[in-house]
Structure formats: C-alpha cells, structure tokens
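# Working through the structure, step by step
Spelled out from the first residue to the last, the chains are:
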Amino acid sequence: MAHLNILGMGVALVTPFTSNKEIDFPALERVIDHVVDNGADFLVVLGTTGETPALSEEEKKKIKDFVKEKASGRLPLVIGVGGNNTAEIIRQLKEEDLSGYSAILSVVPPYNKPSQEGIFQHFKAIAEASPLPVVLYNVPGRTGVNMTADTTLRLAKEVSGIIGIKEASGDIHQIQRLLREKPEGFTVLSGDDGMTYPLMALGAQGVISVLGNAYPKEFAEMVHLCLEGNYIEAVDVHFKFRDMIRLLFADGNPAGVKCVMHDMGLIENELRLPLVPVGNSTAVDILNWVNKLK
C-alpha cells in the first residue's frame, strides 16, 4: 500500500462568495495564503465546507484550477470527488484533469443508503478508476448511512489505492477499532475538530479541519504537538477551542466559520441557499468567543 503523505492539519477550504453570490476569487486567495502561511499541512478542495453541492460543474472546475495555481507546490492538495452515482464519479475521474492534486477525498454515497456491500463495491470501483490515491470519508450525520469498521478495514486491506479515511462518525468505539486493526500505511484522520485531540491520543494522524480556515496557526500547533507525542501541551489548545468549535456548528457548517472569517476581514459573510448565515444570537456568541481569543 502506498504511504499517504497527507498527515497533520488539513484545512477543508470554504468557498467565499460576494454579495451577489458569485465566487469571490480574491477572497479565496486570501484564505489560501492565510492557511498556507500559518501552518496548514494540506488543503482539501471542494468538500462539504466548500458548499460544493451549491456549485455548478463550471464553478467547481474554476475553483479546482484556481487553488492549484495558487497553492500547488506549497503543500499537498486533496480534491473532493464523490456522490451517489458511481458511474458518474468514475466518468469524472477519467475525464477531469487532476494534475497538481495528491489524492481524492470521496464520501460514502448519500441519500440512497447503500448496504455495506454496496459501499464496498462503490469504493472499489472508484479506487480502480482513480488516477490518484483515495481517502474515504465517513460522515453518517450527512449521508444517512454509517460505513462500519468492518467495511473500512476490508477496503483498507483488500483494495489497492485506498490509503486513508476521514472519520466523522462520532463513534469512538468504531474509530478505536480502526486505529487498532488498520494495516500499516493506512491513515486515519479526524473528521470532527472537537474530537481531534482524543483521536490523535489514540493514534489518529491528523484532521481535516473546518476551524483551520480561521485559526490555522493555533490548531496546527495542537495537531503537531500530538504528532510529536506532547499531549500535555496539546490539551491546552484543545480546551481553548472546545466551546468555539461547538458554536461553529450550532447553526450548521460553514455558516459558523464564515461568521468568524468575516469578522477577521478574510471573506464576506455570504452563503448560497439552502444555507444561510448563522442567526443573530449564535453570531453574538461566536463573536464573543472571537474577542476572548484575541
């Protein structure tokens, strides 16, 4: 199995919009520079945090190419390529220019709720078609179905090219089993900012982070301390951001982190329907925490 060089703190990039809901490319460049210059280890493009379901195919291509132009060579890039139509994903993988990217991130198929065998066959077909290594993404809160530890371990051990997982099941027992039984070279990354510290203490090798859009330096410091085995210092950062992380997701993602980034002057506080900015009370709570962290 190929070794995944994508470890540490990855940032799931937001997609900034202007007030007329167009992609704000100058703001996207500011975000890229902000996270790259402040400790991010890799970037994830066109993931959930990027509001990808609300983007057209043409817009996705423009973002893919823009991030490659601005960040390729500075750190590894991962691109989201997933969905619930296996044949369409395979078509994209065969036709899209993925040069400049190191891996793809592919989510468990949402909505149509496949069986565990269906999930296995879906990812097996994707891995066989993909020109890049595949990182699995398990997020049952969004997809409606959990990929079990049995299925993940089967994919990790039997399918060449599947080299890691972003685990956001929230099931500590399931994730502990993955960490205990995974083959060498298979990387487990936290898919929840709030669980990053405990999962890394158990052996996870990093996170794909939402918080990292706003606070890359601080969160990367915690992740790097964990990678070094310095959990005593790292826990201070974990507790520092615990309540902030809860607030960031109170009204959905990426509404919370966009509220913070707008206050920082990085982006406009704009989302595309069906997503909307955080409510007034949540915004007040978030910005109170922002002021405490300054």
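See the structure printed just above.
In what follows, the accompanying structure is described.

What counts and what doesn't
- Residues numbered from 1 in each chain as written.
- Predicted model: local features only at pLDDT ≥ 70, side-chain atom pairs only at ≥ 80, totals over all residues.
- Heavy atoms only, no water.
- Helix = DSSP H or I, 4+ residues; strand = E, 2+ residues; numbered from the N terminus.
- Rg over C-alpha atoms; globule rule 2.2 N^0.38 Å.
- Buried < 20%, exposed > 50% of the residue type's maximum accessible area, 1.4 Å probe, protein only.
- Contact = heavy atoms within 4.5 Å.
- Lys, Arg positive; Asp, Glu negative; His and termini not counted.
- Charge placed at Lys NZ, Arg CZ, Asp CG, Glu CD.
- 1 Å grid on protein atoms, 1.4 Å probe; cavity = no way out; pocket = protein on both sides within 12 Å on 5 of 7 lines; lining within 4 Å.
- Points joined across faces, edges and corners; volume = space filled by probe spheres on them.
- Nonpolar A, V, L, I, M, F, W, Y, C, P; charged D, E, K, R; others polar.
- Salt bridge = Lys/Arg side-chain N within 4 Å of Asp/Glu carboxyl O.
- Phe/Tyr/Trp six-rings, centres within 6.5 Å; stacked < 30°, edge-to-face > 60°.
- Core = buried A, V, L, I, M, F, W, Y, C linked by side-chain atoms within 4.5 Å.
- Expected span 1.5 Å × (residues − 1).

Attention shifts here to the overall build of the protein. When its secondary structure is counted, the protein shows 12 helices and eight strands. Relative to a compact globule of 294 residues, whose C-alpha radius of gyration would be 19 Å, the protein shows 18 Å and is just as compact. Considering the protein as a whole, with its 294 residues, one finds that 54% of them fall into the buried category. Taking the intrachain contacts of the protein between residues at least 6 apart in sequence as the baseline, contacts between residues at least 24 apart amount to 72%. Distance from the positive charge centre (28 side chains) to the negative charge centre (37 side chains) of the protein: 2 Å.

A separate point is empty space enclosed by the protein. A water-sized probe rolled over the atoms picks out the places where empty space is left. For the coordinates displayed, the defined rule picks out one cavity of 30 Å³ or more. There is about 30 Å³ of room inside the largest cavity. For the lining of the largest cavity, a count of residues per class yields six nonpolar, one polar and no charged.

Another point: the layout of surface pockets. Of the voids in this model, the largest pocket is the one considered here, and its volume is about 910 Å³. Around the largest pocket, the lining is made up of 36 residues, and of these L46, T52, P53, K60 and G82 lie nearest the centre. Contributing elements (two or more residues each) for the lining of the largest pocket: helix 2 (57-71), strand 3 (77-80), helix 3 (86-95), strand 4 (103-107) and helix 5 (140-143). Looking at the lining of the largest pocket, its residues break down into 16 nonpolar, 11 polar and nine charged. Counted as a void, the second largest pocket has a volume near 260 Å³. Together, 21 residues line the second largest pocket, and Y137, R142, G191, F249 and N253 are the ones closest to its centre. Broken down by secondary-structure element, the contributors of at least two residues to the lining of the second largest pocket are helix 5 and strand 8 (206-209). Partitioned by chemical class, the residues of the lining of the second largest pocket number nine nonpolar, eight polar and four charged.

What follows covers the pattern of salt bridges. Two side chains carrying opposite charge are able to pair once their charged atoms lie near each other. Inspection of every chain in the model, using the stated rule, returns 22 salt bridges. For E95, the salt bridge is made with R91, and the minimal N-O distance between the two is 2.6 Å. Taken together, the residues E95 and R91, both in helix 3 and four residues apart, mark about one turn of the helix. Between E128 and K124 there is a salt bridge whose closest N-O contact spans 2.8 Å.

A few words on the packing of aromatic side chains. All told, the structure shown has three aromatic pairs when counted by the stated rule. Consider the rings of F25 and F66, whose centres lie 5.0 Å apart with planes at 55°: the pair is tilted. Note that F25 is positioned in helix 1 (residues 25-36) and F66 in helix 2, a separation of 41 residues in sequence. Accessibility expressed as a relative area gives 23% for F25, which makes it partly exposed.

Turning our eyes to something else, we now look at the nonpolar core. Ranked by internal contacts, the top residues of the largest apolar core, which has 86 residues, are L43 and V67. When residues of this core are assigned to their parent elements, the largest contribution, seven residues, is made by helix 10 (residues 231-248). Excluding anything up to four places from it in sequence, L43 contacts V11, L13, I32, V35, V36, V67, A71, L75, P76, L77 and V78. By size, the runner-up hydrophobic cluster in this structure holds 14 residues, among which are I6, A103, L105 and A168.

Let us now look at helix 1. Across its 12 residues, helix 1 extends 16 Å between first and last C-alpha, which sits within 8% of the 16 Å expected from 1.5 Å per residue. Looking only at helix 1, the buried set comprises A27, L28, V31, I32, H34, V35 and V36. In this structure, the buried side of helix 1 is in contact with strand 1 (8-12), strand 2 (42-45), helix 2, helix 9 (216-227) and helix 11 (255-263).

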